[in-house]
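# Report on the structure
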Amino acid sequence: MCGIVGIVGASPVAEQIVESLRRLEYRGYDSAGVATLENGRLTRVRAEGKLKNLAAKLQEHPLKGAVGIGHTRWATHGRPTENNAHPHATDRVAVVHNGIIENFRELREELTARGHVFKTETDTEVVAHLVTDEMQKGHSARDAVAAALPRLRGAFALAFIFNGEPDLLIGARQGAPLAVGWGEGEMYLGSDALALAPFTNTITYLDDGDWVVLTPKGAQFFDASGLPARRAKVQTQASAFLVDKGNHRHFMAKEIHEQPEVVGRTLAHYLDMSSGAVRLPFELPFDPKTLTRITISACGTAYYAGLIAKYWFERYARLPVEIDVASEFRYRDAPMVDGGLMIVVSQSGETADTLAALRYAKEQGQHILSVVNVQTSTIARESDVVAATLAGPEIGVASTKAFTCQLAVLACLAVGFGSARGALDATREAELVADLISMPGLMAEAFKREPQIEALARDLAKAKDVLYLGRGTNYPLALEGALKLKEISYIHAEGYAAGELKHGPIALIDEAMPVIVLAPFDAVFEKTVSNMQEVAARGGKIVLIGDARAKHESAVPFFATIAMPDMAPDFAAIPYAVPVQMLAYHTAVVMGKDVDQPRNLAKSVTVE
Ligand code: F6R
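Please read these numbers as outputs of a predicted model, since none were measured by experiment.

Conventions we followed
Residues numbered from 1 in each chain as written. Predicted model: local features only at pLDDT ≥ 70, side-chain atom pairs only at ≥ 80, totals over all residues. Heavy atoms only, no water. Helix = DSSP H or I, 4+ residues; strand = E, 2+ residues; numbered from the N terminus. Rg over C-alpha atoms; globule rule 2.2 N^0.38 Å. Contact = heavy atoms within 4.5 Å. Areas by Shrake-Rupley, 256 points an atom, 1.4 Å probe, with all protein chains shown as cover. Lys, Arg positive; Asp, Glu negative; His and termini not counted. Charge placed at Lys NZ, Arg CZ, Asp CG, Glu CD. Pairing = 2+ DSSP bridges. Salt bridge = Lys/Arg side-chain N within 4 Å of Asp/Glu carboxyl O. Buried < 20%, exposed > 50% of the residue type's maximum accessible area, 1.4 Å probe, protein only. Core = buried A, V, L, I, M, F, W, Y, C linked by side-chain atoms within 4.5 Å. Domains from an automatic or database assignment. Buried area = accessible area lost by both parts, 1.4 Å probe. Axes fitted to C-alpha atoms, helices over the stretch in contact; angles between N-to-C directions. Parallel < 35°, antiparallel > 145°, perpendicular 65-115°, else oblique. Left-handed = near helix turned anticlockwise from the far one by under 90°. Expected span 1.5 Å × (residues − 1). Near = heavy atom within 4 Å. Polar contact = N/O pair within 3.5 Å; in protein donor to acceptor, adjacent residues only side chain to side chain. Nonpolar A, V, L, I, M, F, W, Y, C, P; charged D, E, K, R; others polar. Phe/Tyr/Trp six-rings, centres within 6.5 Å; stacked < 30°, edge-to-face > 60°. Lys NZ or Arg CZ within 6 Å of the ring centre and 35° of its normal.

### A closer look at the overall build of the chain
Counting secondary structure elements, the chain contains 20 helices and 27 strands. In terms of C-alpha radius of gyration, the chain reaches 24 Å, essentially the compact-globule figure of 25 Å for 608 residues. Summarising its shape, the C-alpha atoms of the chain cover approximately 75 × 55 × 50 Å along the three principal directions. Intrachain contacts of the chain at a sequence separation of at least 6 include 71% that bridge at least 24 residues. A total accessible area of about 22900 Å² is found for the chain, and carbon and sulfur atoms account for 49% of it. One way to put it: in the chain the 61 positive side-chain charges average out to a point 2 Å from where the 72 negative ones average out.

So, in structure tokens, the structure goes:
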């Protein structure tokens, strides 16, 4: 995950920027750089590798400017070379960026046709050229940024400085965090409060879609539509804690909102964004071509991630998948084919049943691949290959960002295996990779529904029972939705495959029963419409989480609809997880429950 720092003040800032970047090292990076203005002109120093390389270069060529931006880069588009390191610059503007610009190829083509010359493999460079293009039309720096931002698709945070503008620093946030720090005659931008802690504890967090204009005297905030916005100052304790809640009430809310960023980071670890192919960051001790079946085992939310992945491995890699909850699998005496692959999925990497399932599979001569968030955990240590989820520490007991990062890793594995086995050709692989790259941006889009979800939560909080329905990969997501709601709000909830409704659960439906239907307009949508009609005929209150077409084509009386952006159906379960999580979260908050530490639950279940 890249780190961003910016300072605008009265004295040289380069040293402070490097000090602040040190506090972002925990996010992981492979190159770094700083840009300032010297005598009004943009100057950059960048280095491959760790910050000590950058610091050594800065000793040789000290930068004197009083406005500057700094960056630690976690390579996504293009190798971790000095040339690809941020800041990226033209003769007008320098920019640092965290996240992914999804439409960089289109923009690059458009700008190249207009005479812009690109020098790096990165997606970020298009931002510098896009802003430059606007400035060449005669716009001020600030108007150029305002014009450029709506043209960018994806999840990102950005910081800009401009040639000849020693008192100007601009930041923007869409789906990746960015905070403003308030100093005396000096203002700061940082990826999080930790980066700003050496300078100030007075912070303003940007809302999604916001951008901000900083001068040494203060900050002016604008919302996504470009209108001036008021954003509150908060006091942080960031210097003392490595993990804080930011401007969120609960860790769970913070972790839900971190998802575009951490899913983007996880995808970048497994995909070559530039060529549109899967690039696994490890050697496999087996050849996917020789596999005849995969077994997946896990518990709770991690199990549901595995259940979604079953659809992907079967569809893309043409491999049969056996999946079971670990507490059952470990005692089943399941016969396993020698040399087969066992995938275990676990956030903590310490779950006792999952570990026992792993050990059983190992005894049965299976290769063990674990998808884990804690890479020093027992499950990671006992695996042949560790496919890391890069979600960062998950503090809320209810798993959110670990779940979507597990899905991101499993999707990459399924597509990678599909291509290795010849089940997917390069064109289809590139299409699926492009769909995956769009996931963080779509998740960020889903946050726009939060006020509506909050209102809906007030109704849901009155329910005694809730039913979740879905088909295909939305069936396991329905199970996850029900689990999320019951574990933090204590409302009884069940998830069902929509086609199972009339085999029993339909008996439960009456006017008091909310039925949450997860249904994008996909190949099985029409079948789900029939199920919704069965619910409507019995007075059930249907809440549709679906796209505009799903709403339009269904002619069912909805109690409420949560409109999701249009997307290819393949990996829709990843962005659809966001409203499902937000609905559970807000319902529990309305009910005054202890969201981060629900009763009876532990974060790491190390007993049977
Ligand atoms: C639910 C939840 C649990 C965990 C399960 C497995 O929100 O967090 O269901 O998913 O206890 O834990 P890990 O992934 O640590 O093995």
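### Here's the deal with the pairing of strand 13 (residues 218-222)
Regular strands have side chains that alternate between both faces of the sheet. Examined bridge by bridge, strand 12 (residues 211-215) and strand 13 share 5 bridges and lie antiparallel to one another. Within the sheet, the bridge partner assigned to Val212 lies in strand 13 and is Phe221. Turn length for the strand 12-strand 13 hairpin, with the two strands adjacent in sequence and antiparallel, is 2 residues. Relative to strand 14 (residues 228-229), strand 13 runs antiparallel, the two sharing 2 bridges.

### Quick word on the pattern of salt bridges
In total, this model carries 28 salt bridges according to the counting rule given. In this structure, Asp207 engages Arg231 in a salt bridge whose closest nitrogen and oxygen atoms are separated by 3.6 Å. Taken together, the residues span a long stretch of sequence, with Asp207 in the loop between strand 11 (202-205) and strand 12 and Arg231 in the loop between strand 14 and strand 15 (234-235) at a distance of 24 residues. Taking the relative accessible area as the measure of exposure, Arg231 reaches 24% and is therefore partly exposed. We note a salt bridge from Asp353 to Arg330, for which the minimum N-O separation is 2.6 Å. Here Asp353, found in helix 11 (residues 352-363), pairs with Arg330, found in the loop between helix 10 (326-329) and strand 20 (341-346); they are 23 residues apart in sequence, far enough to count as distant. Look at Asp353 and you get buried, because its relative accessible area is 10%.

### Observations concerning the nonpolar core
The tendency in soluble globular proteins is for nonpolar side chains to be buried side by side. Of all hydrophobic cores here, the largest spans 105 residues; its most connected members are Trp312, Phe313, Ile343, Leu413, Phe417 and Phe571. Each of domain 2 (246-437) and domain 3 (443-595) gives at least three residues to this core. Residues within four places of Phe313 in sequence aside, it is in contact with Ile294, Ile296, Arg318, Leu319, Val321, Ile343, Leu410, Leu413, Ala414 and Phe417.

### Some thoughts on the domain arrangement of the chain
Each assigned domain of the chain is listed here: domain 1 (3-240), domain 2 (246-437) and domain 3 (443-595). The centre of domain 1, based on its C-alpha atoms, is set 33 Å off from the matching centre of domain 2. When the area that domain 1 buries against domain 2 is broken down by residue, the three leading residues are Trp74, Ile100 and Tyr205, summing to 37%. Connecting domain 1 to domain 2 are 0 salt bridges.

### Examining the packing of helix 4 (residues 125-136) against helix 5 (residues 141-148)
Two quantities define a packed helix pair, namely the angle between the axes and the distance from one axis to the other. Where helix 4 contacts helix 5, the axes come no closer than 8 Å and their chain directions differ by 125 degrees. With respect to helix 5, the element helix 4 is oriented oblique. Crossing of helix 4 against helix 5: the hand is right-handed. Along its contact with helix 4, which presents Leu130, Val131, Glu134 and Met135, the element helix 5 presents Ala141, Ala144, Val145, Ala147 and Ala148.

### Considering helix 17 (residues 474-489)
The end-to-end C-alpha distance of helix 17 is 22 Å, a good match for the 22 Å that 16 residues give at a rise of 1.5 Å each. The element helix 17 is extensively covered by neighbouring structure, given that 14 of its 16 residues are classed as buried. Tyr490 occupies a position one or two residues after helix 17 and carries a positive phi of about 65 degrees.

### Things to note about the site of the ligand
Neighbouring the ligand are 13 residues, the closest being Ser346, Gln347, Ser348, Thr351 and Glu487. Note that an oxygen atom of the ligand is positioned 2.7 Å from one of the side-chain N or O atoms of Ser348. For the ligand, an oxygen atom lies 2.5 Å from a polar atom in the side chain of Thr351. At the level of secondary structure, the elements contributing two or more residues to the shell around the ligand comprise helix 9 (300-317) and helix 17. In terms of residue class, the shell around the ligand is built from 4 nonpolar, 7 polar and 2 charged.

### Describing the sheet that holds strand 3 (residues 41-48)
With respect to topology, 8 strands assemble into an open sheet ordered 3-2-4-1-10-9-11-15, the strand pairing being antiparallel. Each edge of the open sheet is held by one strand with a lone partner, namely strand 3 and strand 15. Here strand 1 (residues 3-8) runs beside strand 10 (residues 187-190); their pairing, made up of 4 bridges, is antiparallel. Opposite Gly6, over in strand 10, you have Leu189 as the bridge partner.

### Re the packing of aromatic side chains
For any pair of aromatic rings, geometry is given as the distance between the ring centres together with the angle between the planes. A complete count under the given rule lists 12 aromatic pairs for this structure. On the basis of an interplanar angle of 20 degrees and a centroid distance of 6.2 Å, the ring pair of Phe160 and Phe162 is categorised as stacked. An identical accessibility class is assigned to Phe160 and Phe162; each is buried. Summarising the aromatic geometry, the rings of Phe286 and Phe417 are spaced 6.1 Å apart at their centres and angled 80 degrees between planes, so their arrangement reads as edge-to-face. Residue Phe286 is located in the loop between strand 17 (277-278) and strand 18 (294-298), and its partner Phe417 is located in helix 13 (residues 401-420); the two are separated by 131 residues in the primary sequence. The exposure class assigned to Phe286 is buried, which follows from its relative accessible area of 9%. Residue classification places Phe417 among the buried positions, given a relative accessible area of 1%. It is Arg265 that lies over the ring of Trp74; its NZ or CZ is 4.6 Å from the centre. One Lys or Arg, Lys541, reaches over the ring of Phe559 and ends 4.9 Å from the middle of that ring.

### Overview of the sheet that holds strand 21 (residues 367-372)
Strand order across the open sheet formed by 5 strands is 19-18-20-21-22, with parallel pairing between neighbours. The sheet is open, and its two edges are formed by strand 19 (321-325) and strand 22 (385-388), each paired on a single side. In this sheet, adjacent strand axes meet at a mean angle of 20 degrees when their direction is disregarded. In this sheet, strand 20 lies alongside strand 18 in parallel orientation, the contact comprising 5 bridges. In the sheet register, Ile294 faces strand 20, and the bridge partner there is Leu341. Those strands touched by helix 11 are strand 18, strand 20 and strand 21, and its axis lies near 170 degrees from that of strand 20.

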